[in-house]
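Single-letter residue listing:
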Amino acid sequence: THNVRDAPNKEIVYWGRLIVMKLDAALIHAFTRARLPAGYTLTIIGDGPQEESLLRAAEEAHLQGRVQFLPGMSKAEVLDRVKNARAFVLPSWTDISPAQVYEALAMKLPVLVTKENYLPIHDQLPHMIDPCSVDDIAEKLRMLSDDTRYTAFASACNAIRFDHDWDAVVSEHLALFEASKLWKVRPSNAVEPFPSKKSLEGQTFQHGEIRSPQNQKDGVRVLQIGADRSKRGILYPDSPAVKRQKA
């Protein structure tokens, strides 16, 4: 196929949006602290508001020649670019089933991802990153440079199995909405059935927003996913990322 993987090289890669939720200077600091053998490099592919601070962190750590920054690419281009990398690293504060993990695994590229990933395959991942610990990230990077440990890690990643089509995704979402009863949640009220597609015809909603008059009257908070997701991300209310923001 187009993305046939050959023998892995010594390049550790990240690709995606350069936003603080997904990638901050902790990865640069961890790469410095790991003191990997000669030849190991870190490549960051993407665009975003964190680019300047990441460049500055790499310069201050004197990592010129070992850390490379590349602009955003199309999916086909980036997958072809990283197919022989050592591993894909995603040290997000928090993430919601990141698609890059599946894209990497599909071409047998090992993944080292944040432990707060909400992936259905979470329990199958052989190693995960503590995004709050530079030491933990550094130790996981050292693991990638140890051939014996890396071979076991790569084999475990290749053994991950995930069979989940769009019919299953839709069914799970409908079941979730039914269970949550977003339209009537107070015990004192009779629970109305989940609205049908026909009952919603003609109604106007803001982008990604679920709202009803009953929700507003009872003061029920409803998850809203706005168009500015790339700027602020989506955080679960009990996640460490939210706690850090409130601190």
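For the structure given in this document, a descriptive report is provided here. (Residues numbered from 1 in each chain as written. Predicted model: local features only at pLDDT ≥ 70, side-chain atom pairs only at ≥ 80, totals over all residues. Heavy atoms only, no water.)

## Digging into helix α2 (residues 51-60)
Phase 1: Taken together, the buried positions of α2 are occupied by Leu54, Ala57 and Ala58. When α2 is viewed along its axis, its buried side chains cluster within an angular range of 95° and face the same direction. Set apart from the buried face of α2 by more than 90 degrees, the exposed residues are Glu52, Glu59 and Glu60.
Phase 2: The inward-facing, buried residues of α2 abut α1 (26-34) and β3 (67-70).
Phase 3: Following α2 by one or two positions, His62 adopts a phi angle in the positive range, close to 55°. (Buried < 20%, exposed > 50% of the residue type's maximum accessible area, 1.4 Å probe, protein only. Helix = DSSP H or I, 4+ residues; strand = E, 2+ residues; numbered from the N terminus. Arc of directions from axis to C-beta. Contact = heavy atoms within 4.5 Å.)

## A word on the packing of α1 against helix α5 (residues 134-145)
Each pair of packed helices can be described by the angle between their axes along with the distance between the axes.
Phase 1: Two elements in contact, α1 and α5, have axes whose closest approach is 8 Å; the angle formed by their N-to-C orientations is 55°. Classed by the angle they form, the pair α1 and α5 counts as oblique. Pair α1 / α5 crosses with right-handed handedness. Together, Ala26, Leu27, His29, Ala30, Phe31, Arg33 and Ala34 of α1 and Val134, Asp135, Ile137, Ala138, Leu141 and Arg142 of α5 make up the contact between the two elements. (Axes fitted to C-alpha atoms, helices over the stretch in contact; angles between N-to-C directions. Parallel < 35°, antiparallel > 145°, perpendicular 65-115°, else oblique. Left-handed = near helix turned anticlockwise from the far one by under 90°.)

## Some points on the packing of aromatic side chains
Phase 1: One pass over the full model with this rule turns up three aromatic pairs.
Phase 2: With 6.5 Å between their ring centres and 25° between their planes, Tyr14 and Phe88 make a pair best called stacked. Of this pair, Tyr14 sits in strand β1 (residues 11-15) while Phe88 sits in strand β4 (residues 87-90), and the two are 74 residues apart along the sequence. Of the two residues, Tyr14 and Phe88, both sit in the buried class.
Phase 3: Measuring from centroid to centroid gives 4.3 Å for Trp15 and Phe88, while their planes differ by 40°, and the two rings are tilted. Placement of Trp15 in strand β1 and of Phe88 in strand β4 is noted, with a sequence separation of 73 residues between them. (Phe/Tyr/Trp six-rings, centres within 6.5 Å; stacked < 30°, edge-to-face > 60°.)

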